[in-house]
Amino acid sequence: MRKWGVKTRVMVLALFPAITIALLLGVVFTHTQISSIHNLLHERGLSLGRQLATASEYGVFTSNRPLLLSLTNATLEEKDVRAIKIMDSFNRSLVHSGPKMLSTINPAKLPSDRVVIEETESSTLFITPIKLQTPIVDELLDVDTPPPVNGESQSIVGWVALELSHANSTVAKYQTLMTSGLIIVLGILINWFIALRMTRGVIRPIEEVTRAVTDIKEGKLDTRVYSGGGQELQLLEAGINSMAETLSKAHNEMQHNIDQATEDLRETLETIEIQNIELDIARKEALEASRIKSKF
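Just so it is clear, the model here is predicted, and its values are computed rather than measured. (Residues numbered from 1 in each chain as written. Predicted model: local features only at pLDDT ≥ 70, side-chain atom pairs only at ≥ 80, totals over all residues. Heavy atoms only, no water.)

Take the overall build of the chain next. Within the chain, the secondary structure is distributed over six helices and five strands. For the chain, the α and β elements follow one another from N to C terminus as α-α-α-β-β-β-β-α-β-α-α. Looking at the 296 residues of the chain, the share that counts as buried comes to 27%. For the chain, restricting intrachain contacts to residue pairs at least 6 apart in sequence, the fraction spanning at least 24 positions comes to 62%. Working note: accessible area of the chain is about 20000 Å², and carbon and sulfur atoms make up 60% of it. (Helix = DSSP H or I, 4+ residues; strand = E, 2+ residues; numbered from the N terminus. Buried < 20%, exposed > 50% of the residue type's maximum accessible area, 1.4 Å probe, protein only. Contact = heavy atoms within 4.5 Å. Areas by Shrake-Rupley, 256 points an atom, 1.4 Å probe, with all protein chains shown as cover.)

Let us look at the pairing of strand β2 (residues 93-97). Where strand β1 (residues 81-88) meets β2, four bridges bridge the pair, whose relative direction is antiparallel. Within β2, the residue paired with M87 across the bridge is S93. In sequence, β1 turns back onto β2 through a hairpin of four residues, with N91 there showing a positive phi of about 65°. (Pairing = 2+ DSSP bridges.)

Before going further, it helps to spend a moment on the confidence of the model for the chain. Averaged over all residues, the pLDDT of the chain is 83; the fraction at 70 or higher stands at 89%. Considering only residues more than four positions removed or in separate chains, one finds that residues 143-153, a stretch of pLDDT under 50, has seven contacts. (pLDDT = per-residue confidence, 0-100.)

Turning to the pairing of strand β3 (residues 116-119), a few remarks are in order. Across four bridges, the pairing between β3 and strand β4 (residues 123-133) is antiparallel. Paired with I117 across the strands is F126, a residue of β4. From the end of β3 to the start of β4, which pair antiparallel, there are three residues.

Here we take up the pattern of salt bridges. Under the defined criterion, the tally for this structure stands at nine salt bridges. The partner of R92 in a salt bridge is D88, and the shortest N-O contact between them spans 2.8 Å. Among the charged side chains, a network of salt bridges with common partners joins E263, R266 and E270. (Salt bridge = Lys/Arg side-chain N within 4 Å of Asp/Glu carboxyl O.)

Turning to the nonpolar core, a few remarks are in order. By size, the foremost hydrophobic cluster in this structure holds 19 residues, and its most contacted members are V60, I86 and I130. Of all the secondary structure elements, the ones that give two or more residues to this core are α1 (6-55), β1, β2, β4 and β5 (154-165). Setting aside residues no more than four positions away along its own chain, I86 makes contact with S56, V60, L68, T72, R92, S93, L94, V95, I130, W159 and V160. (Core = buried A, V, L, I, M, F, W, Y, C linked by side-chain atoms within 4.5 Å.)

Glancing now at the side chain of S180. Checked against the element boundaries, S180 lands in helix α5 (residues 167-217). Within the structure, S180 has its side chain in polar contact with the backbone oxygen of G26 (distance 3.2 Å). S180 has contacts with G26, F29 and T30, leaving out every residue within four places of it along the chain. (Polar contact = N/O pair within 3.5 Å; in protein donor to acceptor, adjacent residues only side chain to side chain.)

We now examine helix α3 (residues 65-76). Taking 1.5 Å of rise per residue, 12 residues should cover 16 Å, and α3 covers 16 Å from first to last C-alpha, within 8% of that figure. Among the residues of α3, those classed as buried are L68, T72 and T75. For α3, the angular spread of buried residues about the axis comes to 60°, placing them on one side. Taking the backbone nitrogen of L67 as reference, a side-chain oxygen 3.2 Å away marks N64 as the first, capping residue of α3. (Expected span 1.5 Å × (residues − 1). Arc of directions from axis to C-beta.)

We now examine a nonpolar patch on the surface. Taken together, the side chains of L186, I190, W192, F193, I194 and M198 make up a nonpolar region of the molecular surface, amounting to roughly 620 Å² of accessible area. By secondary structure assignment, the location of M198 is in helix α5. (Patch = residues over 30% accessible without salt bridge, like charges linked within 9 Å, V, L, I, M, F, W, Y side chains within 5 Å.)

This paragraph deals with unusual backbone geometry. A positive phi angle, close to 75°, is found at D80, a residue other than glycine. Locating D80 in the fold gives a position in the loop between α3 and β1. Look at N91: it is not a glycine, yet its phi comes out positive at around 65°. With respect to the element layout, N91 can be found in the loop between β1 and β2. Look at N91 and you get partly exposed, because its relative accessible area is 27%.

Another aspect to go through is α5. For α5, with 51 residues, the first-to-last C-alpha span of 72 Å sits near the 75 Å given by 1.5 Å per residue. Once α5 finishes, G219 follows within two positions and takes phi at roughly 100°, a positive value.

A word on the side chain of S56. Position of S56 relative to the elements: it lies in the loop between α1 and α2 (57-62). Within polar-contact distance, the side chain of S56 engages the backbone oxygen of L52 at 2.7 Å. Leaving out residues up to four positions away in the same chain, S56 has contacts with L68, L71, I86, I130 and V160.

By the element assignment, T170 lies in helix α5. For the pair T170 and I37, spaced 133 residues apart in sequence, the C-alpha to C-alpha distance is 9.0 Å.

Here it is as structure tokens:
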């Protein structure tokens, strides 16, 4: 990470928390929705099983198959209901509506006071006991019975086996997964776009400062930088501009001194050249005077 550039670090710092939160929220949302779908299926199965058990008390007690068949066929129209079987107290099938059940009913595990739930990969089976109320028995038999003892006013006359399919639940779970994935991806993309804009807002002034320093290093001392960044960058820009101005003044002063020295040197060389010419003329005149003198 130490070798990463500023842009990479900003992107990582901006995206990592958002991606982590999005994934966590997505997992929680998905788990909650899938659990809700599973619980709704169970609640529907329990509710339909109890309703059907209550409605079929008379039909089971009297072995009225047409009545039971009309009840099961009506319940079969409910959502997710795949198959229904009603059995008597001897575990004999009275009616069966729908295709063959995917779950196997174990006679040894038939409940007496609760609902048994058995799940397979494709369906869930709800086995609900059918309890006939004692007053109903008395009414059917037209006999007088003493009050129940210890609250035992119900007797089991059969069971309702209700099988719910997982097809709709599976589709709903996949839809939840797709929705959750879409929300996560959309959230990450939005955060990536925001992080990219933020990164550009941070990197662009730094790049301009870097470019200005490079130009100054190459001798372009008239370079000034105004990136419009934050206060920290404004202080840096002010320092770079001040440094560039100082270097420019120093360079101009040095160039002026060089030009002045060159001008002085040129004038000195001209003076020396004039003096050399004068000396050469004087030497020639001396030689000429000496030659004339030697003739005389």
